[in-house]
Amino acid sequence: MIGGLFIYNHKGEVLISRVYRDDIGRNAVDAFRVNVIHARQQVRSPVTNIARTSFFHVKRSNIWLAAVTKQNVNAAMVFEFLYKMCDVMTAYFGKISEENIKNNFVLIYELLDEILDFGYPQNSETGALKTFITQQGIKGQHQTKEEQSQITSQVTGQIGWRREGIKYRRNELFLDVLESVNLLMSPQGQVLSAHVSGRVVMKSYLSGMPECKFGMNDKIVIDKQGKGAVSDDAGKSDLGGGSSGKQSIAIDDCTFHQCVRLSKFDSERSISFIPPDGEYELMRYRTTKDIILPFRVIPLVREVGRTKLEVKVVIKSNFKPSLLAQKIEVRIPTPLNTSGVQVICMKGKAKYKASENAIVWKIKRMAGMKESQISAEIELLPTNDKKKWARPPISMNFEVPFAPSGLKVRYLKVFESKLNYSDHDVIKWVRYIGRSGIYETRC
Amino acid sequence: MPAVSKGDGMRGLAVFISDIRNCKSKEAEIKRINKELANIRSKFKGDKALDGYSKKKYVCKLLFIFLLGHDIDFGHMEAVNLLSSNKYTEKQIGYLFISVLVNSNSELIRLINNAIKNDLSSRNPTFMCLALHCIANVGSREMAEAFASEIPRILVAGDTMDSVKQSAALCLLRLYKTSPDLVMMGEWTSRVVHLLNDQHMGVVTAAISLITCLSQKNPDEFKTCVSLAVSRLSRIVSSASTDLQDYTYYFVPAPWLSCKLLRLLQCYPPPEDGAVKGRLVECLETILNKAQEPPKSKKVQHSNAKNAILFEAISLIIHYDSEPNLLVRACNQLGQFLQHRETNLRYLALESMCTLASSEFSHEAVKTHIETVINALKTERDVSVRQRAADLLYAMCDRSNAKQIVAEMLSYLETADYSIREEMVLKVAILAEKYAVDYSWYVDTILNLIRIAGDYVSEEVWYRVIQIVINRDDVQGYAAKTVFEALQAPACHENMVKVGGYILGEFGNLIAGDPRSSPLVQFNLLHSKFHLCSVPTRALLLSAYIKFINLFPETKATIQEVLRCDSQIRNSDVELQQRAVEYLKLSSIASTDVLATVLEEMPPFPERESSILAKLKKKKGPGAVSVTELEDNKREGGELNGEGDRGPDPAAMASSNASTPSPSADLLGIRSAAPVGAAPTSVGSLLVDVFSEAGPAAPSAAVNDDGFLRDLEQPTETSDSLLVEGSGDSDSASPSEDPAPPLSEADELLNKFVCKNNGVLFENQLLQIGIKSEYRQNLGRMYLFYGNKTSVQFASFTTTVSCPGELQSQLNASDQTSGTTGRGWSPDPTGTQHRVLTDFSDAPLLNIKFRYGGALQNLTLKLPVTINKFFQPTEMTSHDFFQRWKQLSQPQQEAQKIFKANHSMDTEVLKAKLLGLGTALLDDVDPNSENYVCAGVIQTKGQQVGCLLRLEPNGQAQMYRLTLRCSKDSVSRRLCELLAEQF
């Protein structure tokens, strides 16, 4: 189990230090600083073993979070906890920065007391935490006994993530499908590897204790329901106004929020749950088959003698012309002995960034089924190094308003038997955002 | 040097460096560096010429980036351009960049060399210094090739500035260290020696480092430096502390120079000139005197400098080993240091004393400090100092103090550091054996040793105890009693059980009379340890049991019972099971007579050198033990094993009577340290593809046996083109044919003829070559008889004698061939005449070409002309011999080899061989009649080389020790190699 938790700034100064077990001494703080933080990038593994003590760390901008233990713990559990901890902190005070941590250190110690007990992770649901750990000073005096006992019963009860008696005038829910698409493509346009990792994030403002049911075009469900069932939910299937005519997708693996009833998913593969109040991540999934690649990059690199390089890159958008991709950025690496660059591009702005050894080409917006190109002349300085340039791949960033995996939300039904609103009264919003992960083409 | 003015500072560089220092993360730093690199690249692109200042600035930045750990692959050209600048700072940065970044195989090296050459020939001293520093910093082979001849010229030129001379000397030293073959000795060497007289102390200091290094390779060339060094030293030593101004360091005049001078003198034997020697002794005395004076300063630097000189002086005194007075004084001085507050001083004192202890003059003086050393062993806090103390105790041990020292070492062993325990155990074992007068003491000591440090007692130690106990019947009873008592301890070490098992098995009967150690008690005692032991020990114990059955028939039933039990007879270990089964059967079947014969007492072991000593040597490495080991040689008097039955060993007498130097003491003397493998093996091997030329010419050649030609080994000398000289016939076979490389057996053939002059040199299916030779002074005549073994006549038969490589300058070989060889035995032999110019090591080559059945045969043989052929025997008396032997006492002059006998060790054969060698065999010279002593003079054209030879056979080990001392070192080495293969 976790023996202690430290938060450092980029210089290795300790901002937060909380020790849960006696086997972790004070010197552990220094050991991590000396061996990991001051080792300047030489330590790349997130798990470090120093003198029979294990350090698990994650880094958020310039802040290091390190969990320490002397025992043989489940590393995945420790990291899951550290990520959760980051989420909780973000939910409380926004960006994790040295400034914010210093300003909120009382709060952080309070949180640490709550979410870790003797090194065992406890309830780390932001919604639940916010009911009793607040930023408005000590609430205890204003709370009635009844309220306090309510909190206790809720936190220790069966549905720890939602309290009772929530009331909204307007019952509303927002569903975001966020995907990031990763690709490695050969210069000839052959896909070497591609996968999509996606998340379904939900923001719910529903009264009472509603029972929800979420449906998507999962291949197994569609196949099982067969023809008869298709007609049944034909009416609801077009919630998102998707772009592709594809019927179903194969999900490789998925994980759910704790509110989802896993037994039901295992037996019927239906996703039903009582949602927490506010924003949370309903599920995470990964697909590898039939991915829609939003962009195609066609590189053309020609070496003219020893001192010149001509690069031409064409990008083609490969989705419905009615949709618009945003924040497009193409990064073309340049050789290490570049001494000058001339760039010509039709669309967007391109610039040679010497500090990153790359030409960065930015386009604000681009519609589907279009193409655009850039050409650059790179002047090289002759070196006495015989090594050939390794030609790193061209990478790309973008954002598109559809799910590259082809995932569709078929329905999200809300049932609340005690209160007098039905599924039809709930206002539902669905949004699809596809982003680039590591999207690279070799040249 | 011109100071860097304020305005010359590079702002851009300063900004860049502060940017880098302010970077918060590695990523930021890399970004900043990438940006800077791109900037520099665009500046270096060559569109517009850069001025010197910006070039310097950018090269500086590149250098800084490189030092941060990034690869720099451009900018070399700009740096080289900076070299040709006239500004000091620009040149300096250029040289800096090149010394740090340019690798030796760069194509720029030619340009760089050019720039350096220009600077060297300029008259500007700072530029010359910069160039010299660059050469020294790079120090590559290419640099050495380009400048090895130039720098000596600068060094000895009269008009060179002092600072340049300093740099040149150090630069040359560096080049000599990296590629010694390229720095040619020449007339400059004598002038370098005279730099010792230079006015400028810095020049002297630099020159002396160079001379010390050079003189180690060529001691003869620099011999003159001794007297110069002595006079310089005496000037420094006698000067007042204020005389030398800049070179006085905390009131000590020129300490570095003094140390270096003393170190240089350690390369040479004591000066022969009485005046020089007197002056040197005076200097050394002054140094010793100064150590007694009260310190002029309390600063640690003062005492450090003073002590540095003192220690060098002491090592020089030890090196000379000829001034008893100085040695004793040095010893007393070191004795004072033994109690000094400074740990380092105590360490150094102990270390120097170790070497002092081996000198016969100071051995007694060292012994007076025994109490202090023992105290040091016990109380020192630093383990390395304790280790030195242990070494010193070992070195100072002799018969008079052996008991005390061994006892102290034993008592220390209980608390000793684990790292030195094993070594201590070996030392105790050796000392106990060597100086034992009383064997019961020896047995006690070793058993104590096993008891105290059983884990560190190696096999050799307890083997040795048993050997000695078995060989000396007067200790057997005592040993049996002692081990019996030792075994009674509840927990004893396995080694103790081994010794106990063995000794009781052999000599248990000697103590069986006592009811307290009756046979059954003995057996039960041994058997109580049985189950705690490892398999080999159990096996040993089983053997002891069967011996018990023989010694004490009354124990038979008990022991048979033990052997019969399942844990023995069905043991899972094959060895134990077999022993149990066989011993059981043996004891039940065989009659007592048979048993008594089979299980007879072990016969005495043959006398041999203690294997413990070899183990200690191996452990400490050759260098560390040589001193003590030599001392062992000197004093090996058979104190334990020999005791008179070894015959009159001169060395033993010498040590027992240390005050009268015996002439033979030096025979095994201090400086016989020249290790066996020290003679450099000059023969490298390289593969030669013979078939590339011989293949097409003689595809079916029967002569060239494929097997041996495939991997021909050839001396490196012959890999140079063979120079053929004085070939008699101008008609030749095919002109394109080169002589074939010498046959692989050529060396063996050569060895056959070291001790004889006539015989068959070579034989194959076609040809037989006979040889007959005569030698007079430096001339030799050799007749070669060629016998055609076939029935066909050989066509175009030619022979050529050539001297490969440097042999040409050493030996004149000319041949007078008369007529061609026809069928059958040739009536007219080829004569070859040799005239020796100087000593040589390789043999001339004889190349034979002829056509047999259309195929060209090409043979190359080595002619058996070896250096020993030119020996003139010299008769001399024992007295003369040892006098000369002593004169040739320089380490280089001696060659020694210890080797195994290849042939029989018959006295007559040996004598014949030694006579065949050409030397005079001197009878009754060596006190040991088994040893052979020879003397002779090698006649060459220019000089005569006197040679003394001593061959010590060791019949038991089938080994020889061959020692040669010649007035020329190369001769002794070569002869030693030659002769070692003969016996």
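Residues numbered from 1 in each chain as written. Chains lettered and ligands numbered in written order. Predicted model: local features only at pLDDT ≥ 70, side-chain atom pairs only at ≥ 80, totals over all residues. Heavy atoms only, no water.

**Focus: the packing of helix 26 (residues 473-487) of chain B against helix 27 (residues 494-507) of chain B**
Residue and element names in this part refer to chain B.
- For the pair helix 26 and helix 27, the least separation of the axes is 9 Å and the interaxial angle reads 135°. Judged by the angle between their axes, helix 26 and helix 27 are oblique. Between helix 26 and helix 27 the crossing geometry is left-handed. Residue-level contacts link Gln-476, Ala-479, Ala-480, Val-483, Phe-484, Ala-486 and Leu-487 of helix 26 to Met-496, Val-497, Val-499, Gly-500, Ile-503, Leu-504 and Phe-507 of helix 27.
- By residue class, the composition of the contact of helix 26 with helix 27 is twelve nonpolar, two polar and no charged. (Axes fitted to C-alpha atoms, helices over the stretch in contact; angles between N-to-C directions. Helix = DSSP H or I, 4+ residues; strand = E, 2+ residues; numbered from the N terminus. Parallel < 35°, antiparallel > 145°, perpendicular 65-115°, else oblique. Left-handed = near helix turned anticlockwise from the far one by under 90°. Contact = heavy atoms within 4.5 Å. Nonpolar A, V, L, I, M, F, W, Y, C, P; charged D, E, K, R; others polar.)

**Description of the environment of Ala-67 of chain A**
Residues and elements named next belong to chain A.
- Examined against the element boundaries, Ala-67 turns out to sit in strand 5 (residues 63-69).
- Residue classification places Ala-67 among the buried residues on the basis of a relative accessible area of 1%.
- For the pair Ala-67 and Phe-56, spaced eleven residues apart in sequence, the C-alpha separation works out to 5.1 Å.
- Every residue in contact with Ala-67, bar those within four places of it in the chain, is listed here: Ile-2, Gly-4, Ser-54, Phe-55, Phe-56, Val-78 and Leu-82. (Buried < 20%, exposed > 50% of the residue type's maximum accessible area, 1.4 Å probe, protein only.)

**Considering helix 42 (residues 969-980) of chain B**
- End to end, helix 42 of chain B covers 17 Å across twelve residues, agreeing with the expected 16 Å (1.5 Å per residue, within 8%).
- For helix 42 of chain B, every residue scored as buried is listed here: Val-971, Ser-972, Arg-974, Leu-975, Cys-976, Leu-978, Leu-979 and Ala-980 of chain B. (Expected span 1.5 Å × (residues − 1).)

**Overview of the packing of aromatic side chains**
- The tally for this structure, following the rule as stated, stands at 25 aromatic pairs over all chains.
- Residues Phe-105 of chain A and Tyr-109 of chain A carry aromatic rings whose centres are separated by 6.5 Å and whose planes lie at 90° to one another, so their mutual orientation is edge-to-face. With a gap of four residues between them, Phe-105 of chain A and Tyr-109 of chain A both fall in helix 4 (residues 105-115), about one helical turn apart.
- Judged by its relative accessible area of 26%, Tyr-109 of chain A falls in the partly exposed class.
- Between Phe-295 of chain A and Phe-319 of chain A, the ring centres sit 5.9 Å apart and the planes meet at 80°, which makes this aromatic pair edge-to-face. A residue pair is termed long-range when its members are at least 10 positions apart, and Phe-295 of chain A in strand 14 (residues 295-304) and Phe-319 of chain A in the loop between strand 15 (308-317) and strand 16 (324-333) qualify at 24 residues. As far as the burial class goes, Phe-295 of chain A and Phe-319 of chain A line up, both buried.
- Among the aromatic residues, those joined into a cluster by ring pairs are Phe-6, Tyr-8, Phe-32, Phe-55 and Trp-64 of chain A.
- Sitting over the ring of Phe-127 of chain B, Lys-91 of chain B keeps its end group 4.4 Å from the ring centre. (Phe/Tyr/Trp six-rings, centres within 6.5 Å; stacked < 30°, edge-to-face > 60°. Lys NZ or Arg CZ within 6 Å of the ring centre and 35° of its normal.)

**A closer look at the sheet that holds strand 20 (residues 371-380) of chain A**
All names here are of chain A.
- The antiparallel open sheet is built from four strands, whose spatial order is 14-15-20-17. Edge positions in the sheet fall to strand 14 and strand 17 (338-345), since each of these pairs with one other strand and no more. Across the sheet, the mean angle separating the axes of adjacent strands is 15° when strand polarity is ignored.
- Looking at chain direction, strand 17 and strand 20 are connected through seven bridges and run antiparallel. Bridging from a neighbouring strand, Val-343 pairs with Ala-376 of strand 20. (Pairing = 2+ DSSP bridges.)

**Topic: the environment of Ile-318 of chain B**
All names here are of chain B.
- With respect to the secondary-structure elements, Ile-318 resides in helix 16 (residues 300-320).
- Separated by 13 residues in sequence, Ile-318 and Cys-331 place their C-alpha atoms 9.9 Å apart.
- Once residues within four sequence positions are removed from consideration, Ile-318 is found in contact with Leu-327, Ser-352, Thr-355 and Leu-356.

**Observations regarding the sheet that holds strand 2 (residues 14-19) of chain A**
All names here are of chain A.
- Reading across from one edge, 2-1-5-4-3 is the order of the five strands in this open sheet, with antiparallel pairing throughout. Both outer strands of the open sheet, strand 2 and strand 3 (47-50), are each paired with one neighbouring strand and no more. On average, each strand axis in the sheet is inclined to that of its neighbour by 20°, with strand direction left out of account.
- Here strand 3 runs beside strand 4 (residues 53-60); their pairing, made up of four bridges, is antiparallel. Counted as the bridge partner of Asn-49 is Ser-54 from strand 4.
- Seen against the sheet, helix 2 (residues 75-93) touches strand 1 (4-8), strand 3, strand 4 and strand 5 and runs at an angle of roughly 35° to strand 4.

**What to know about the pattern of salt bridges**
- For the coordinates displayed, the defined rule picks out 41 salt bridges over all chains.
- The shortest N-O distance in the salt bridge between Arg-199 of chain A and Glu-281 of chain A comes to 2.9 Å. With Arg-199 of chain A in strand 9 (residues 191-205) and Glu-281 of chain A in strand 13 (residues 278-287), this residue pair connects regions lying 82 residues apart in the sequence.
- A relative accessible area of 35% places Arg-199 of chain A in the partly exposed class.
- Judged by relative accessible area, which is 24%, Glu-281 of chain A ranks as partly exposed.
- When the shortest N-O distance is used, the salt bridge between Glu-423 of chain B and Lys-427 of chain B registers 3.1 Å. In this pair, Glu-423 of chain B and Lys-427 of chain B both sit in helix 23 (residues 418-434), four residues apart, roughly one turn of the helix.
- By relative accessible area, Lys-427 of chain B is classed as buried at 3%. (Salt bridge = Lys/Arg side-chain N within 4 Å of Asp/Glu carboxyl O.)

**Considering the interface of chain B and chain A**
- In this complex, chain B contributes 19 residues to the contact, which on the side of chain A involves 20 residues.
- For the pairing of chain B and chain A, the buried interface totals around 1,700 Å² over both sides, and the portion due to carbon and sulfur atoms is 48%.
- Counting the surface chain B buries against chain A, the share from its top three residues, Arg-41, Lys-45 and Asp-73 of chain B, is 35%.
- With a closest N to O distance of 3.9 Å, Lys-45 of chain B and Glu-379 of chain A form a salt bridge.
- Linking chain B with chain A are four residue pairs in polar contact (both at pLDDT 80 or more).
- Considering every element that reaches the side of chain B that touches chain A, the biggest residue donor is helix 2 (residues 26-44) of chain B, with eleven residues.
- Taken together, the residues that form the side of chain B that touches chain A break down as five nonpolar, three polar and eleven charged. (Buried area = accessible area lost by both parts, 1.4 Å probe. Polar contact = N/O pair within 3.5 Å; in protein donor to acceptor, adjacent residues only side chain to side chain.)

**Considerations on the confidence of the model for chain A**
- Scored by pLDDT, chain A has a mean of 86; 92% of the residues are at 70 or more.
- The low-confidence segment residues 228-245 of chain A (pLDDT under 50) makes 19 contacts with residues lying over four places distant or belonging to another chain. (pLDDT = per-residue confidence, 0-100.)

**Structural notes on the pairing of strand 14 (residues 932-939) of chain B**
Residue and element names in this part refer to chain B.
- Extensive coverage of strand 14 is indicated by the burial of eight of its eight residues.
- Residues Tyr-932, Cys-934, Gly-936 and Ile-938 point to one face of strand 14 and Val-933, Ala-935, Val-937 and Gln-939 to the other, with burial holding for every one of them.
- Strand direction decides the pairing type here: strand 13 (residues 920-922) and strand 14, joined by three bridges, are antiparallel. Among the inter-strand pairings, Leu-921 is bridged to a residue of strand 14, identified as Cys-934.
- Bridging between strand 14 and strand 15 (residues 944-954) involves eight bridges; their strand directions are antiparallel. Residue Tyr-932 lies in a different strand from strand 15, and its bridge partner there is Leu-951.

**What to know about the environment of Leu-914 of chain B**
Residue and element names in this part refer to chain B.
- Take Leu-914: it is sitting in helix 41 (residues 907-916).
- The class for Leu-914 is buried, based on a relative accessible area of 0%.
- Once residues lying within four places of it in the same chain are set aside, the contact partners of Leu-914 are Thr-919, Leu-921, Tyr-932, Cys-934, Leu-949, Leu-951 and Phe-983.

**A word on the pairing of strand 15 of chain A**
Residue and element names in this part refer to chain A.
- Here ten bridges tie strand 14 to strand 15, and the two strands are oriented antiparallel to one another. What sits directly across from Val-301, in strand 15, is Val-311.
- In this structure, the hairpin formed by strand 14 and strand 15 is closed by a connection of three residues, where Gly-305 is found at a positive phi of approximately 70°.
- Inspection of the sheet shows strand 15 paired to strand 20 by nine bridges, in the antiparallel sense. Looking at strand 20, one finds that Val-314 is bridged to Gln-373.

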